[in-house]
Amino acid sequence: MVKYVYDFSEGDKDMRDLLGGKGANLAEMTKLGLPVPPGFTITTDTCREYLKLGDVPPELAPEVTKHLRNVEDTIGRQLGDAKNPLLVSVRSGAKFSMPGMMDTVLNIGLNDESVEGLTEVSGNERFAWDSYRRLIQMFGDTVMGINGALFGDALDKMKEDRGVHFDHELSADDLRELVKQFKQIVKEETGREFPQDAREQLDLGIEAVFQSWNTERAKIYRRRERISDDLGTAVNVQTMVFGNMGEDSGTGVCFTRDPSTGHSGVYGDILMNAQGEDVVAGIRNTEPLVKLGEHDEKSYKELLAIMRKLETHYQDLCDIEFTIERGKLWMLQTRVGKRTAAAAFRVATQLVDEKLITIDEALTRVTGGQLTQLMFPQFDPRAEKKLLTRAMAASPGAAVGELVFNNKDAEAAAAEGRKCILVRRETNPDDLPGMVAAEGVLTARGGKTSHAAVVARGMGKTCVVGAEALNVNEAEKTVTVGDTVLKAGDVVAIDGTTGEVFIGEVPVTDSAVTTYLTEGLETGLKAAGDDEMLADLIKSVDRLLTHADKVRRLRVRTNSDTPEDAARAVEFGAEGIGLCRTEHMFLGERRPLVERVILSEPGSEDRAKALQSLEELQRSDFEAMLRVMDGKPMTVRLIDPPLHEFLPDLTQLEIKVAVAKAKGEEVSEADLAMLDAVRRMHEANPMLGTRGVRLGILLPGLFALQIRALIQATLSLKKEGLDPQPEVMVPLVGSVRELALVRQEAEGIIAAETEAAGIEHDFPIGCMVELPRAAMTADDLAQEADFFSFGTNDLTQTTWGFSRDDVEGTIFPTYIQESVFAVSPFETIDQHGVGAVVEEGVKRGRKTKPELKLGICGEHGGDPDSIHFFHKTGLDYVSCSPFRVPVARLEAGRIAVMD
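Residues numbered from 1 in each chain as written. Predicted model: local features only at pLDDT ≥ 70, side-chain atom pairs only at ≥ 80, totals over all residues. Heavy atoms only, no water.

Asker: Could you give me a rundown of the nonpolar core, with the residues and numbers involved?
Answerer: Judged by nonpolar contacts, the single largest core of 123 residues is most densely connected at F345, M634 and F788. At 11 residues, the largest contribution of residues to this core is made by helix α28 (residues 702-719). One finds I42, I146, F182 and I206 within the second-largest nonpolar core, a separate group that totals 55 residues. (Core = buried A, V, L, I, M, F, W, Y, C linked by side-chain atoms within 4.5 Å. Buried < 20%, exposed > 50% of the residue type's maximum accessible area, 1.4 Å probe, protein only. Helix = DSSP H or I, 4+ residues; strand = E, 2+ residues; numbered from the N terminus.)

Right, here's the structure in full:
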């Protein structure tokens, strides 16, 4: 029989797949003997079954009853009891943290009778009615689908009528009246009374959490974080403890280290006489955690001890939620905390120095995505700035954009390529689409543990919160600070490292981390100046990247076509060039020479002269590139694109000729000849037409000039005492005979040139594997190839049958929305399809030549998930754009220690 429910005492932190992250960690804290309110977890299996059936499995109710009774017996109270009611919370908890994306309901078990019992038991009438109004508000919004603004408006009006600013300033009588108003809203909006049966509340709450797995905001978050739609969420039912019972009660969120900087210390937010959602929602600005020592020294000291115990146990930065009820500390949740990129690197090396983890483990705690964030530009400290306000730095970075006040405007701005900053009083989970679209987020309320801060840190978005000076009018789309009024469309700049907000554009400058990566540790530390924290970060990055270089098996090359790009890539740590595209060398001022080659007759003097001129230019190009890459391999791809790309557009040329004829003007022989050539070469699907190896076979002399130029450049540099290491790569090969024809021609040229120069040199000749047929016949191709390089861009196109230029803006948005795939297969390799083709090519190629060198030169070479796949597949190197070289180095090291 399937087990759907587990008591907290039955699980542990390693059961995340079944109990979700929250449930597994509640079980772990229970196992550690920490003060955790009793409860139970309904498994992710149950959620998946619910989503499959469209209804709650019939076996669930008896299991819930059994475990609920255990909790009732432990606590000594019963759910729904009128005199001494047990109240519970119902919270989501997926395997991977999705903060604020799914539903929570607190205070389940209250009704018109039990609220009086709670008043009697607690001796606090205000607390009881405050708890009841919170239940109706959350339940009405989450479970009954009522617009939450209706409750919010009623609450705001009540505060306005009473002349108070905060919820906790309302009296018991005010809250009693508010409950009546809330119940009336429920009846008007749903046609039924607010449920008075406590078990019905519980069952409906559980089902609402299951349903929240597929809300739009949850789907958006999963797509962004690449979380599978198939996982489902667990549901945690837990005894309520109350932070809103008076000034000896409170609630808070804390971190064992600063999640923004990684600095050691006491970090977190508290609110006295409040419930947990008040902290996360940012409804009231919080106090720093250290203030708890003034309110309740005993609980503060106990909390510090628990924080230390949890960090030691999890060996990582922990995010902890707690409540104090009448001086008694309760632990509600812990998890490995989300952190900024800077904090990730600093915390990882701190834990190594504290001997809590090994350097190998530290390497797994950081990611290439985080390193990329650290390489982003920052505000130029020397630039003039107009300060608007200072607030709390929640997620670092430098973001500039026009003010927007809602999701719709943020998404519209992003769609039009306009950078924007989302400004809100406070954010809630429904603001996720706007946060995704915006460059940064600015809120008037909230602290470092508010929804905006937590989600922004997780997404790597710049975020400033708790800007109390801001008067945000979302209806009129204005922000007022003193006498300054900003409206939608006005430009602001926010600094997520300092918490500063500026009016207007602020120029950015290179990150000191980028300076370190390109110019070395000493120069990077100089760029950090007096900023000790930044200097410490650079040292942390250096330690981990150095270790990654030491342990990785995959070599990292770059895709580069110019000496400048090549030099930049070498500065970033590239160990060679995996793809030098030669077609870029035929553009610009050289295009007329290509046109002469195309338009002239085969074997004609004009074609020979044009080819000779191109050869001389190519030799100069290759010599410059090889000089930069001295001592490092440089793989040169022979010309790949169809020749029509070097000719005028057919439609434009036909219009030009037609217009001239219509006006009675004489059309030049050159234009007529060009039109004839373009028509002759026009193809319905040129990407699958005359290109790559086919071009070299059908247009004699084209590949020869490139090969000859490369060999002559190599031999010339060798005479200078340099160590050039070129490799010749043939594109779009589908048949071993194609490769044999090109190899035969190349070897003839190599023999002639080396003999003439009196210099011996090895020139490896290989091919790209970018057609499924090439992978399926790789055992044959390996007979003629010294190496393979998988061109995963074209391999993805030809395996999926996608035209990349056409589908990314048309088909892909719908496919991602409908979960056909979670991410573009051109961004992260499709392991089950395209990846399987790569694996087959590797297996067949090495069957013929066990030592066959294998690499990849598509954009996937800089993608972390793809790099992990290529490591496991057995490739020798990846090649990526220069800027992504450090990311590839780090990820290659990470997978080496994780494998």
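Asker: Could you give an account of a nonpolar patch on the surface, with specific residues and numbers?
Answerer: A surface patch of nonpolar side chains, amounting to about 260 Å² of accessible area, comprises I697, L698 and L741. Summarising the element assignment, L698 is placed in helix α27 (residues 693-698). What makes L698 exposed here is its relative accessible area of 61%. (Patch = residues over 30% accessible without salt bridge, like charges linked within 9 Å, V, L, I, M, F, W, Y side chains within 5 Å. Areas by Shrake-Rupley, 256 points an atom, 1.4 Å probe, with all protein chains shown as cover. Salt bridge = Lys/Arg side-chain N within 4 Å of Asp/Glu carboxyl O.)

Asker: Go over the packing of helix α21 (residues 532-551) against helix α37 (residues 885-898), please, and point to the residues and values.
Answerer: When two helices pack together, you describe them by how their axes are tilted relative to each other and by the distance separating the axes. Across the interface, α21 lies against α37 with an axial gap of 8 Å and an inter-helix angle of 65°. Considering the relative orientation of α21 and α37, their crossing is left-handed. Contacts between α21 and α37 involve L544, L545, A548, D549 and V551 from the former and P886, R889, L890, G893, A896 and V897 from the latter. (Axes fitted to C-alpha atoms, helices over the stretch in contact; angles between N-to-C directions. Left-handed = near helix turned anticlockwise from the far one by under 90°. Contact = heavy atoms within 4.5 Å.)

Asker: Any chance you could break down the sheet that holds strand β12 (residues 328-336) for me, citing the residues and the numbers?
Answerer: In spatial order, the strands read β10-β9-β8-β11-β12; together these 5 strands make up an open sheet with antiparallel pairing. Because the sheet does not close on itself, it has two edges, and the strands there are β10 (287-288) and β12. Here strand β9 (residues 264-272) runs beside β10; their pairing, made up of 2 bridges, is antiparallel. Bridging from a neighbouring strand, I270 pairs with E287 of β10. Strands β8 (250-257), β9, β11 (318-325) and β12 of the sheet are contacted by helix α12 (residues 297-314), whose axis makes an angle of about 25° with β12. (Pairing = 2+ DSSP bridges.)

Asker: So what's going on with the sheet that holds strand β26 (residues 555-559)? Residues and values would help.
Answerer: The strands making up a sheet associate through backbone hydrogen bonding, with each pair oriented either parallel or antiparallel. Strand order around the closed barrel formed by 8 strands is β26-β27-β28-β29-β30-β31-β32-β33, with parallel pairing between neighbours. Across this sheet, the average inter-strand angle for adjacent strands is 30°, counted without regard to direction. Contacts between helix α29 (residues 736-757) and the sheet are confined to β29 (725-730) and β30 (765-769), with β30 contributing the most and set at about 150° to the helix.

Asker: Let's hear about the side chain of D640: which residues, and what values?
Answerer: Structurally, the position occupied by D640 is in the loop between β28 (633-637) and α25 (650-662). In terms of polar contacts, D640 uses its side chain to reach the side chain of R691, at 2.8 Å. If sequence neighbours within four positions are ignored, D640 has contacts with E583, R691, G692, P731 and L732. (Polar contact = N/O pair within 3.5 Å; in protein donor to acceptor, adjacent residues only side chain to side chain.)

Asker: Pulling in residues and values, what's your account of the pattern of salt bridges?
Answerer: As enumerated under the stated definition, the model contains 67 salt bridges in all. Between K157 and D161 there is a salt bridge, with its nearest N and O atoms 3.0 Å apart. In this pair, K157 and D161 both sit in helix α6 (residues 148-162), 4 residues apart, roughly one turn of the helix. Overall, D161 belongs to the partly exposed group, its relative accessible area being 47%. Of the charged contacts in the structure, one is a salt bridge between E216 and R223, with a shortest N-O distance of 3.8 Å. We classify E216 as partly exposed; its relative accessible area is 40%. Within this structure, R126, D130, R133, R134, D156, K159 and D167 form a network of salt bridges that share partners.

Asker: An account of the packing of aromatic side chains is requested, with residue identities and associated values reported.
Answerer: Using the criterion set out here, one finds 15 aromatic pairs in the structure. Taking 5.1 Å as the distance between ring centres and 80° as the angle between the ring planes, the aromatic pair formed by F812 and F821 counts as edge-to-face. Here the two residues F812 and F821 agree in accessibility, since each one is buried. With 5.7 Å between their ring centres and 65° between their planes, F869 and F870 make a pair best called edge-to-face. We classify F869 as buried; its relative accessible area is 6%. Judged by relative accessible area, which is 0%, F870 ranks as buried. Of the aromatic side chains, those joined through ring pairs into one cluster are W800, F802, F812, Y815, F821 and F826. Across from the ring centre of W213, 3.9 Å away, lies the NZ or CZ of R222, which sits over that ring. (Phe/Tyr/Trp six-rings, centres within 6.5 Å; stacked < 30°, edge-to-face > 60°. Lys NZ or Arg CZ within 6 Å of the ring centre and 35° of its normal.)

Asker: Tell me about the environment of T340, and please be specific about residues and values.
Answerer: Here T340 lies in the loop between β12 and α13 (341-353). C-alpha separation for the pair T340 and R424, spaced 84 residues apart in sequence, amounts to 22 Å. In this structure, T340 is in contact with P259, S260, T261, A394, S395, P396 and R457, ignoring residues within four places of it in sequence.

Asker: I'd like a rundown of α21, residues and numbers included.
Answerer: With 20 residues, α21 ought to run about 28 Å at 1.5 Å a step, and its terminal C-alpha atoms sit 29 Å apart, in line with that. Taken together, the buried positions of α21 are occupied by L534, A535, L537, I538, S540, V541, D542, L544, L545, H547 and A548. Looking at the packing, one finds that the buried side of α21 touches α13, α14 (359-364), α15 (368-374), α19 (512-519), α20 (521-528) and α37. For α21, the N-terminal cap is D531; the gap from its side-chain oxygen to the backbone nitrogen of M533 is 3.2 Å. (Expected span 1.5 Å × (residues − 1).)

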